[in-house]
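# Architecture and fold: a report
These are the residues of each chain, in order.
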Amino acid sequence: MRALNYLELEGPLQRSGWGTAAAQQRAALADTDIDVVTSPWRDDLLSTARSIAAGDGAFRDFDLAHCNAPGPGSLAVARHAHQNDIPLVLHAHMTAEDFGESFRFSSEIAPLLERYLRWFYSQADLVLCPSTYTKNVLEAYPVDAPIETITNGVDIDSLAGHEALREEYRDRYDLDGMVVFALGNVFERKGLTDFCRLAESTDYDFAWFGPYDTGPQASPVVKRWTQNPPQNVTFTGWIDDKRGAFGAGDVYLFPTKNENQGIAVLEAMACGKAVVLSDIPVFEEFFTHGEDCLKCSSRAEFREALDRLSDDPGLRERLGRNARETAAEHGLERVGDELSRIYRDVTV
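This text gives an overview of the structure that appears in the document. All values derive from a computational prediction rather than experimental measurement. (Residues numbered from 1 in each chain as written. Predicted model: local features only at pLDDT ≥ 70, side-chain atom pairs only at ≥ 80, totals over all residues. Heavy atoms only, no water.)

### Overview of the packing of helix α9 (residues 192-200) against helix α14 (residues 299-311)
The criterion, for reference: Axis definition: a line fitted to C-alpha atoms, limited for helices to the stretch in contact. Angles are taken between N-to-C directions and run from 0 to 180 degrees. Put simply, DSSP marks the helices as runs of H or I at least four residues long and the strands as runs of E at least two long, and each gets a number from the N terminus on. Orientation categories follow fixed angle ranges, with anything under 35 degrees roughly parallel, anything over 145 roughly antiparallel, 65 to 115 roughly perpendicular, and all other angles oblique. A clockwise turn of the near helix away from the far one marks a right-handed crossing, whereas an anticlockwise turn of less than a right angle marks a left-handed crossing. Contacts are assigned to residue pairs that have any heavy atoms within 4.5 Å of one another. Residues are grouped as follows: Ala, Val, Leu, Ile, Met, Phe, Trp, Tyr, Cys and Pro are nonpolar; Asp, Glu, Lys and Arg are charged; every other residue, Gly included, is polar.
Packing of α9 against α14 brings their axes to within 10 Å, and their N-to-C directions diverge by 55°. Taken as axis vectors, α9 and α14 run oblique relative to one another. Every pair of crossing elements has a handedness; the one defined by α9 and α14 is right-handed. Contact residues: α9 offers T193, D194, R197 and L198, while α14 offers R299, F302 and R303. Taken together, the residues that form the contact of α9 with α14 break down as two nonpolar, one polar and four charged.

See below:
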């Protein structure tokens with residue numbers, strides 16, 4: 001089988017969770033007998049023009065289309081798939097709920113986005129999403145297509161050697177003691193204000209490794225905190241090697257308001273880090289309070305959890321050890337097996 005695994009705007013989205021998820025799908029499928037192409041188009045503009053002139057169209061040949069973003073390129077693929085009886089899989093990495101509090105005016109746009117996503121996802125022969133929580137959200141829209149869950153997974157091999165980067169990254173960002181950290185794009189939806197308020201109430205070094213917007217699309221909250229952070233908070237911006245974050249940090253803090261799964265959480269767990277999470281429904285599916293993480297519902301609970309982990313290195317070690325076992329359940333071998341089975345099922 002030749003399958004299209006497509007992420008439009010792949011360059012700009014490379015630093016996002018969508019980019020990570022698509023890259024992990026492709027890496028997982030590399031160990032299967034699925035032949036993957038990543039672009040629906042002919043190799044270059046000239047050859048595409050020649051193909052269209054010859055009546056062959058702009059699209060490559062593929063037996064199944066799997067699109068990871070809800071944009072115009074994916075709409076063109078969807079139309080092509082419908083016209084040519086090609087099975088279409090759409091991956092729901094986005095909902096209106098997790099789009100809010102991301103960019104300037106994103107919360108105002110979210111209700112309109114919900115209507116668009118309901119229509120877009122309903123074109124699929126199958127919608128994939130990373131959690132039962134997300135499936136329930138989509139069914140409530142309602143999306144008029146079958147929906148199946150599949151973990152985003154975690155590329156454990158890509159994190160190997162993070163320990164060796166500890167001193168380099170701690171020195172680079174002047175971090176000391178028990179470092180509380182986060183990784184990924186800086187959004188209020190991911191708990192930015194709680195992250196910074198918690199830092200203000202403690203003496204621990206906090207570091208958020210990841211890009212943030214400074215232009216007109218940036219939310220006022222992101223601008224406020226990144227331009228005037230608390231004294232013990234470092235916003236690093238984009239880092240070339242994410243392993244440096246996991247090497248430098250000790251406790252992964254994620255006071256997020258809404259997630260569809262949380263790839264960076266799985267990465268932190270794969271590195272054996274103690275993880276402190278928001279007590280929200282999606283995490284109930286994957287993680288267990290007191291075994292592989294600590295879950296909190298308020299700033300006071302987050303503060304108490306951080307103090308417990310500071311005072312009890314044994315607890316940090318035990319949570320981290322159990323977290324590794326949890327992350328191992330989401331390895332790429334599982335993703336490859338499930339995705340190749342899904343591809344075959346949808347083409348029957």
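What follows picks up the thread again.
### Focus on the sheet that holds strand β5 (residues 126-129)
This is how the line gets drawn: Strands qualify as paired when DSSP identifies two bridges or more between them.
Here we have six strands laid out as an open sheet, ordered β2-β1-β3-β4-β5-β6, and parallel in their pairing. Of all strands in the sheet, those bounded by a partner on one side alone are β2 (35-37) and β6 (147-149). Looking at each pair of strands side by side, their axes are set apart by 25° on average, direction ignored. In this structure, strand β1 (residues 2-6) lies alongside strand β3 (residues 64-67), joined through four bridges in parallel fashion. Among the inter-strand pairings, Y6 is bridged to a residue of β3, identified as C67. Along the sheet, helix α2 (residues 17-29) makes contact with β1, β2, β3 and β4 (88-91), crossing β1 at roughly 160°. Where helix α4 (residues 72-83) meets the sheet, its contacts fall on β1, β3 and β4, and the angle it forms with β1 comes to roughly 155°.

### Regarding α2
Which entries qualify depends on this criterion: The span one expects for a helix is its residue count, reduced by one, times 1.5 Å. In this scheme, a residue with accessible area under 20% of its type's maximum is buried, one over 50% is exposed, and one in between is partly exposed, where area comes from a 1.4 Å probe on protein chains only. The term polar contact refers here to a pair of N or O atoms within 3.5 Å; inside protein, the definition further demands a hydrogen-donor-capable atom paired with an acceptor-capable atom, and it admits residues adjacent in sequence only when both atoms are side-chain atoms.
For α2, with 13 residues, the first-to-last C-alpha span of 18 Å sits near the 18 Å given by 1.5 Å per residue. Looking at α2, one finds that the buried residues are W18, G19, A21, A22, Q24, Q25, R26, A28 and L29. With a side-chain oxygen positioned 3.3 Å from the backbone nitrogen of W18, the residue opening α2 is S16.

### What about the pairing of strand β8 (residues 205-209)?
Using the following cut-off: We call a crossover right-handed when, viewed with both strands directed away from the observer, the connection leading from the first strand over the helix to the second proceeds clockwise.
Burial of β8 is extensive: five of the five residues sit out of reach of the surface. Considered for its hand, the β-α-β crossover made up of strand β7 (residues 179-183), α9 and β8 is right-handed. Handedness of the crossover joining β8 and strand β9 (residues 233-237) through helix α10 (residues 220-227) is recorded here as right-handed.

### Remarks on the state of the cysteines
Quick note on the threshold: Pairs of cysteine sulfur atoms within 2.5 Å are identified as disulfides in what follows.
Applying the stated criterion across every chain, the model contains zero disulfides. In this structure C67 is not part of a disulfide, and its nearest cysteine sulfur, from C129, lies 16 Å away. Residue classification places C67 among the buried residues on the basis of a relative accessible area of 1%. This cysteine, C293, is not joined by any disulfide, and C296 carries the nearest cysteine sulfur, 8.9 Å off.

### Things to note about empty space enclosed by the protein
In plain terms, the rule: We place a 1 Å grid over just the protein atoms. Points where a 1.4 Å probe fits but has no way out form a cavity, open points with protein on both sides within 12 Å along at least 5 of 7 lines form a pocket, and any residue with an atom within 4 Å of a point lines it. Grid points are joined across faces, edges and corners, and a volume is the space filled by probe spheres set on the points.
According to the stated counting rule, one finds one cavity of 30 Å³ or more in the structure shown. Space inside the largest cavity adds up to approximately 50 Å³. What lines the largest cavity is simply A21, Q25, H91, I150, T151, N152, V335 and L339. The class makeup of the residues in the lining of the largest cavity is four nonpolar, four polar and no charged.

### Concerning the sheet that holds β9
What the six strands build is an open sheet, ordered β9-β8-β7-β10-β11-β12; its pairing is parallel. Among the strands making up the open sheet, the edge pair consists of β9 and β12 (294-296). On average, adjacent strands in this sheet sit at an angle of 25° to one another, irrespective of strand direction. When β7 meets β8, the two strands line up parallel, connected through five bridges. If you follow L183 over to β8, its bridge partner there is F209.

### Some words on the environment of Y252
Positionally, Y252 belongs in strand β10 (residues 251-254). If sequence neighbours within four positions are ignored, Y252 has contacts with F181, A182, L183, A264, V265, A268, A274, V275 and V276. In this structure the side chain of Y252 is engaged in a polar contact, spanning 3.4 Å, whose partner is the backbone oxygen of L183.

### Comments concerning the packing of aromatic side chains
Inclusion rule: Centres within 6.5 Å are what make two rings of Phe, Tyr or Trp a pair, Trp counting through its six-membered ring; a difference in plane orientation under 30 degrees is then read as stacked, over 60 as edge-to-face, and the rest as tilted.
If you walk through the whole model with that rule in mind, you get 17 aromatic pairs. Consider the rings of F181 and F209, whose centres lie 6.5 Å apart with planes at 75°: the pair is edge-to-face. With F181 in strand β7 and F209 in strand β8, the pair connects residues that are 28 residues apart, well separated along the chain. You'll find F181 and F209 in the same group, each marked buried. Taking the centre distance of 6.0 Å and the plane angle of 55° together, the rings of Y252 and F254 count as tilted.

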